[in-house]
Amino acid sequence: MLTEKPASWKFELETPELGNPEAVTYLHAEAETGQFDGIFYDGMRFSFEGPVIVDAEGRWIDSDLSVSLKISATFSAPCSRCLEPSRIEILNDFLYLYSLRKKESPEESSEDGNFHEVQVSRWQRFFDISDHVWESIIVSLPGKVLCSADCKGLCPQCGRPLRNGDCGCSAKELDPRLEKLLGIKIEETKE
C-alpha cells in the first residue's frame, strides 16, 4: 500500500516564453510536512524529518518543455536488520519532457532512460508538477533501510541488538521447531 500525495501540496512551474529558446523559469518551494504522518511504501514507514525542498527549472528544447527537478528531503525509518531508527537523506535530480506530440519512433524516445516523457494536450501558463514531485520522492526511497552497512541485526535467540557486541546466547542452539528434522533419515536411491 502506498500513501497518497498530500492534498495540500501544490507545485506550479511557470511556462517559459513560448518560442524563446533562451527563456528559463524557476521554482523553489518547501513543502511543509508537519501535519503529514509520513509515507507508507513497500511495507515500510518513512517519517519526514523536515520539509521537502523542490527546485525546478523549465526551458524549451525544440518544441518540448524540459523540466528538471531537484528533490531534497530527510526521512527516518526503522533499520531492516535491528529496527533502530535510521536517518535517510535523499537528494536526486529528475528530468521530465512535456510534449504536445506522442513520440512513437524509437529514435525519438529516451534510449537511456534519463528523462520521463509526459504528453500534454496544450501549453498552459503554469504547469502543475505536484504529481511528478511526489513520483520523484517515491522512487528515491530505498528498498532496504540500514542504520549502517555493518549492522549485525538482532540475536535470533533473545532478540537483543548485536551492535554493542555478543549477547551471550549460544550460536549452537537449535531452533526447537527444527529438532524433529534431525531424526529424519533420507535414503538415496540409485539410478
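Going along each chain's sequence as written, the residues are numbered from 1 onward. In keeping with the predicted nature of the model, local features appear solely for residues at pLDDT of at least 70, side-chain atom pairs appear and are counted solely at 80 or more, and the whole-chain, interface and lining totals rest on all residues. Here the side-chain values reflect all heavy atoms present in the structure, with hydrogen atoms and water set aside.

## Describing the packing of aromatic side chains
Each pair of aromatic rings taken from Phe, Tyr and Trp, with Trp reduced to its six-membered ring, is defined by centres within 6.5 Å and is described as stacked if the planes are under 30 degrees apart, edge-to-face if over 60, and tilted in the remaining cases. For the structure on display, the rule yields 8 aromatic pairs. On the basis of an interplanar angle of 75° and a centroid distance of 5.9 Å, the ring pair of Trp123 and Phe127 is categorised as edge-to-face. Here a set of aromatic residues connected by ring pairs shows up, and it is made of Trp9, Phe11, Phe46, Phe48, Phe75 and Trp134.

## Let's talk about the confidence of the model for the protein
Where the model shows low pLDDT, its predicted coordinates should not be examined in detail. One confidence number per residue, pLDDT, is output by the predictor and ranges from 0 to 100. On average, residues of the protein score 84 in pLDDT, and 89% of them reach the 70 mark or higher. Whether two residues are in contact is decided by their heavy atoms, any of which lying within 4.5 Å being enough. The model gives residues 106-111 a pLDDT under 50, and that stretch makes 7 contacts with residues more than four places away or in other chains.

## With respect to the nonpolar core
Nonpolar cores are built from buried Ala, Val, Leu, Ile, Met, Phe, Trp, Tyr and Cys residues. Side-chain atoms within 4.5 Å join them into one set. Summary of the burial criterion: residues with accessible area below 20% of their type's maximum are buried, those above 50% are exposed, and those between are partly exposed, where the area comes from a 1.4 Å probe applied to protein chains only. Counting residues in hydrophobic clusters, the biggest one holds 37 residues, and the most contacted among them are Ile39, Phe75 and Ile129. By the criteria applied, helices consist of DSSP H or I runs no shorter than four residues and strands consist of E runs no shorter than two, each listed in order from the N terminus. Those elements giving two or more residues to this core turn out to be β2 (24-31), β4 (44-48), β5 (52-61), β6 (64-78), β7 (85-99) and α1 (130-140). With 7 residues, the single largest contributor to this core is β6.

## A few points about a nonpolar patch on the surface
Only residues whose relative accessible area exceeds 30% and that form no salt bridge are eligible for patches; like-charged ones are grouped when within 9 Å, while nonpolar side chains (Val, Leu, Ile, Met, Phe, Trp, Tyr) are grouped when within 5 Å. Note on areas: Shrake-Rupley, 1.4 Å probe, and residue coverage restricted to the protein chains presented here. When a carboxyl oxygen of Asp or Glu is within 4 Å of a side-chain nitrogen of Lys or Arg, the pair counts as a salt bridge. Together, Leu178, Leu181, Ile184 and Ile186 make up a nonpolar patch on the protein surface, roughly 440 Å² of accessible area in all. One can find Leu178 in the segment after α1. For Leu178, a relative accessible area of 41% puts it in the partly exposed group.

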